[in-house]
Structure formats: C-alpha cells, structure tokens
Amino acid sequence: MTPENDNFDKILEQLVASTRSPRGRFSAKNSWKILERRISPTSGKIKLLRIAGSVAASILICLASWYTYDYIQSGTIQTISTLAEIRDITLPDQSVVTLNRYSTLSFPSRFRGAKREVRLTGEAYFDVEKDTRHPFIVKAESVNVQVLGTQFNVEAYPEDPEIKTTLIEGSVAVSIPEENRRIVLSPNESAIYNRLQKSLQHEINPKSNNDIVWRNGHFLFDYLPLQEITRQLSHAFNIKIEITDPELRNYHIRANFTNGESLEEMLELLKEAGNFNYTITNNTIIINTKF
C-alpha cells in the first residue's frame, strides 16, 4: 500500500470513531474496498487526493477555529471588586491574592506572552507562584511592582496621597516607568510613592507583618498617629472621617481590634485613649478635641 493509501486509512479510522458506525461495517479496510469499486483506475488517484484534501482542509478549519476561540478567551479580562468583605482570589497561574475591603483587581482569564500582569485599585496581599520566564507585574496607577515569585502587600487607594508596597518575602522591583525610577526591595522594606510630589522613597519596615494583619480582619495600631488610624478605618468601612484639630492628627495611639468589632465600638475605645469626641453627619465622621 502506498503512503497516500496508508494516510487515508488513518483518516477513515478517525471518521469511523467519530461517527459511531456499526462495528466493522465501515472500517478502513472495508471502506477502502468500497472506494476501489466506485473509483475508476484513471481517476481514482485524483479523486482520492481531492477527498484527502477536503478532510485536511476541514481539520485545518477546526484547528483555526479552536485557536481563535482560545486566543479570544485568553484575552478576556476579569474584574473582581469587594465591598465590606475580604476575599481570596486564585489567579490562572495559581498565585493567590487576598483582596482587602472596597478594592478591585483585574486580570486576564489566562496569562499569555512574556509576562503576567494584573491591575489593582485599593489594597491586596499577593502570594505569587514562581515563574522565572514570566515575571508577575502589579500595576497600581503610576506604579509597577515586578516579581518572579514572592509575598508582598500593595496599598493603592485612589483617595490616598501615597501608594505603598511592602515586601514580606523574596524580592520585588518597584518602578515608576514615566519617571524612569526604580527601587529593589528586600524583606521588611517598603517603597512609598507620593502622588502629589511624584517621589519614590525607600524605607526600612521592621514591623512589616503589621501591614498584613488585615487579611484576618484585624486592626493593629502600634503607636500610630490618629490620622493614619482614621485613614485605615475610612477604607475598611467605606466612610469619610475628618479630624478638625491639626494637633490631634499626630496624636499616637496603640490599639488592637480583632475581627467582628464595629466601627462605633472601635471609636468608643479610641476616643478614650486619644481624648477626642466624634459626631456622625451625612455619612461623615467628624473628630474634635475633647475639652
């Protein structure tokens, strides 16, 4: 049997399997005999080549359709937003992202190409699967955070003047492409980008684990200024908080709240430590000095 006939046998067997024909009735061996009787010696080779060509074209069309579908699917962008909950998200590469309250993460249905890229608004903790051939990039407005595989926290709420990246484990590079600035972080270090001043600062952060206690719904304020405490509470409960006295903003307080306390319960305890009063008007909390 010639190579052309052998290839055609394989095609016939595939067609038989796909159409569920009765056992043995349309096998390659039997079907070949039927074709030989129906095809004249002079035109048989041409007709067989036409048939084989048609089958090959059909296969190519199916493959092209599949690759087109696969390409379109991989280009689909998923966007996940949280409200008052903290949510874990598993990305297509099996990296895990913990998304804080009132935050948004966008990522493709499938990572393709030379890099794995996601976009963040708000705050998230990343535990990235290592892949040296495909760097993982978090885009947070003007800031790019690039890693190969590591654990880090990015805080980029649009209302805040700063975007903060804190490294827990591994290594990351924080860059501002438009300004050609770049900082490489080691564990327990932070990069802070000031939106207004367009400055990128490198800071040692020995208490970096304090930056990620929010993953369990906790609030740990380790002698933080009241302004920073109210900023965190404002994002966590999606409410505006204003401090009227400038001196009160820098008043440092130490407090620890576990998951479950309401904002009002926290403020009641904080006001005793910070010597202030507060009122709630039109979904805004006003903090005043206690006289």
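The structure displayed is predicted, hence computed values, not measured ones.

Reading the values: the criteria
The numbering scheme is per chain: residues are counted from 1 as the chain's sequence reads. Where totals are concerned, whole chains, interfaces and linings use all residues; where local detail is concerned, this predicted model gives features only for residues with pLDDT of at least 70, and gives and counts side-chain atom pairs only at 80 or more. No hydrogens and no water enter the side-chain calculation; it runs on all heavy atoms of the structure. Comment: elements are numbered from the N terminus, with helices defined as DSSP H or I runs of at least four residues and strands as E runs of at least two. Throughout this description, buried means an accessible area under 20% of the type-specific maximum (1.4 Å probe, protein chains only), exposed means over 50%, and partly exposed covers the range between. Contacts: residue pairs with any heavy atoms within 4.5 Å of one another. Here the open area of atoms and residues is found with the Shrake-Rupley method and a 1.4 Å probe, where only the protein chains shown may cover a residue. The rule for pairing is simple: two strands pair if DSSP sees at least two bridges between them. Axis lines are fitted to C-alpha atoms, over the contacting stretch for helices. Their N-to-C directions set the angle, which ranges from 0 to 180 degrees. Definition of nonpolar core: a set of buried residues of the types Ala, Val, Leu, Ile, Met, Phe, Trp, Tyr and Cys, connected through side-chain atoms within 4.5 Å. In the analysis that follows, any N or O atom pair within 3.5 Å is treated as a polar contact, provided that within protein one partner can donate a hydrogen and the other can accept it, and provided that, for residues neighboring in sequence, both atoms belong to side chains. Only the six-membered ring of Trp is used, alongside the rings of Phe and Tyr, when aromatic pairs are assigned; centres must lie within 6.5 Å, and planes under 30 degrees apart are stacked while those over 60 apart are edge-to-face, with the rest tilted. Whether a charge sits over a ring comes down to the Lys NZ or Arg CZ being within 6 Å of the ring centre and within 35 degrees of the ring normal. A helix's residues, less one, multiplied by 1.5 Å, set its expected span. Throughout, the arc means the angular range of directions from the helix axis out to the C-beta atoms. The salt bridge criterion pairs a side-chain nitrogen of Lys or Arg with a carboxyl oxygen of Asp or Glu, the two atoms within 4 Å. Geometric relationships in this document are graded by angle, where less than 35 degrees denotes roughly parallel, more than 145 denotes roughly antiparallel, 65 to 115 denotes roughly perpendicular, and other angles denote oblique. Under the scheme applied here, ten amino acids are nonpolar (Ala, Val, Leu, Ile, Met, Phe, Trp, Tyr, Cys and Pro), four are charged (Asp, Glu, Lys and Arg), and all others, including Gly, are polar.

A. Geometry of the overall build of the protein chain. Along the protein chain, the regular secondary structure elements total 6 helices and 18 strands. Looking at the protein chain residue by residue over its 291 residues, the buried ones come to 40%. For the protein chain, restricting intrachain contacts to residue pairs at least 6 apart in sequence, the fraction spanning at least 24 positions comes to 45%. On the protein chain, roughly 17,300 Å² of surface is accessible, and the fraction owed to carbon and sulfur atoms is 51%.

B. The arrangement of the sheet that holds strand S17 (residues 276-281) in detail. Strand order across the open sheet formed by 3 strands is S15-S18-S17, with mixed pairing between neighbours. Two strands bound the open sheet, and with one partner strand each, they are strand S15 (240-243) and S17. Within this sheet the neighbouring strands show an average axis-to-axis angle of 20°, counted without direction. Where S17 and strand S18 (residues 284-289) come together, 6 bridges link them in antiparallel fashion. Each residue of the ladder has a partner; that of Phe-276, found in S18, is Thr-289. Relative to the sheet, helix H4 (residues 226-237) contacts S15, S17 and S18, its axis offset from that of S15 by approximately 165°.

C. The nonpolar core, seen in detail. One finds Leu-91, Leu-105, Val-118, Phe-126, Phe-136, Val-145 and Phe-152 to be the most contacted residues of the largest nonpolar core, which totals 32 residues. If one sorts the elements of this core by residue count, strand S5 (residues 116-127) sits on top with 4 residues. Core analysis: the second largest hydrophobic core is formed by 21 residues, Ala-236, Ile-239, Ile-241 and Ala-255 among them.

D. Main features of the environment of Ser-103. Relative to the helices and strands, Ser-103 is located in the loop between strand S3 (96-99) and strand S4 (104-108). Given the relative accessible area of 1%, Ser-103 is considered buried. Considering only alpha carbons, one finds Ser-103 and Glu-85, 18 residues apart in sequence, at a separation of 9.7 Å. If we ignore the near neighbours within four places in the chain, the residues touching Ser-103 are Ile-80, Ser-81, Thr-82, Thr-121, Gly-122, Glu-123 and Tyr-157. Of note is the side chain of Ser-103, whose polar atom sits 3.0 Å from the backbone nitrogen of Glu-123.

E. Layout of the packing of aromatic side chains. The full count for this structure, using the stated rule, is 6 aromatic pairs. Aromatic pair Phe-111 and Phe-136: ring centres 6.4 Å apart, planes at 70°, arrangement edge-to-face. Linking Phe-111 in the loop between S4 and S5 with Phe-136 in strand S6 (residues 136-140), this pair joins segments that are 25 residues apart in sequence. This pair shows no difference in class: Phe-111 is buried, exactly as Phe-136 is. Both rings, one in Phe-221 and one in Phe-257, keep their centres 6.2 Å apart while their planes meet at 65°; by these two values the pair is edge-to-face. Of this pair, Phe-221 sits in strand S14 (residues 219-225) while Phe-257 sits in strand S16 (residues 252-257); the two residues are 36 residues apart in sequence, bridging distant segments of the chain. Across the pair, Phe-257 and Phe-221 agree in class, each one buried. Three or more aromatic residues link up through ring pairs in this structure, and these residues are Phe-111, Phe-126, Phe-136 and Phe-152. The ring centre of Tyr-125 lies 4.2 Å from the NZ or CZ of Arg-215, which sits over that ring.

F. Summary view of helix H6 (residues 263-274). Its 12 residues give H6 an end-to-end C-alpha distance of 16 Å, which sits within 8% of 16 Å, the value for a rise of 1.5 Å per residue. Those residues of H6 not exposed but buried are Leu-263, Met-266, Leu-267, Leu-270, Lys-271 and Gly-274. Down the axis of H6, the sector holding all buried residues measures 130°, keeping them to one side. Among the exposed residues of H6, those pointing more than 90 degrees away from its buried face are Leu-269 and Glu-272. Contacts from the buried residues of H6 go to S14, H4, helix H5 (246-249), S16, S17 and S18. In the stretch just after H6, Asn-275 is the one whose phi turns positive, near 55°.

G. Summary view of the pattern of salt bridges. The full count for this structure, using the stated rule, is 11 salt bridges. Between Asp-93 and Arg-116 there is a salt bridge; the shortest N-O distance is 2.5 Å. On the criterion of sequence distance, the pair formed by Asp-93 in the loop between strand S2 (87-90) and S3 and Arg-116 in strand S5 is long-range, its members being 23 residues apart. Put simply, Asp-211 and Lys-164 hold a salt bridge, and the shortest N to O gap is 3.2 Å. Of this pair, Asp-211 sits in the loop between strand S13 (199-204) and S14 while Lys-164 sits in strand S9 (residues 162-169), placing them 47 residues apart in sequence.

H. Layout of the packing of H4 against H6. Put simply, H4 and H6 touch, their axes get as near as 12 Å, and they point 170° apart. In terms of orientation, H4 lies roughly antiparallel with respect to H6. Facing Ile-229, Leu-233 and Phe-237 of H4, the residues of H6 in contact are Leu-263, Met-266 and Leu-270. Of the residues assigned to the contact of H4 with H6, the class counts are 6 nonpolar, no polar and no charged.

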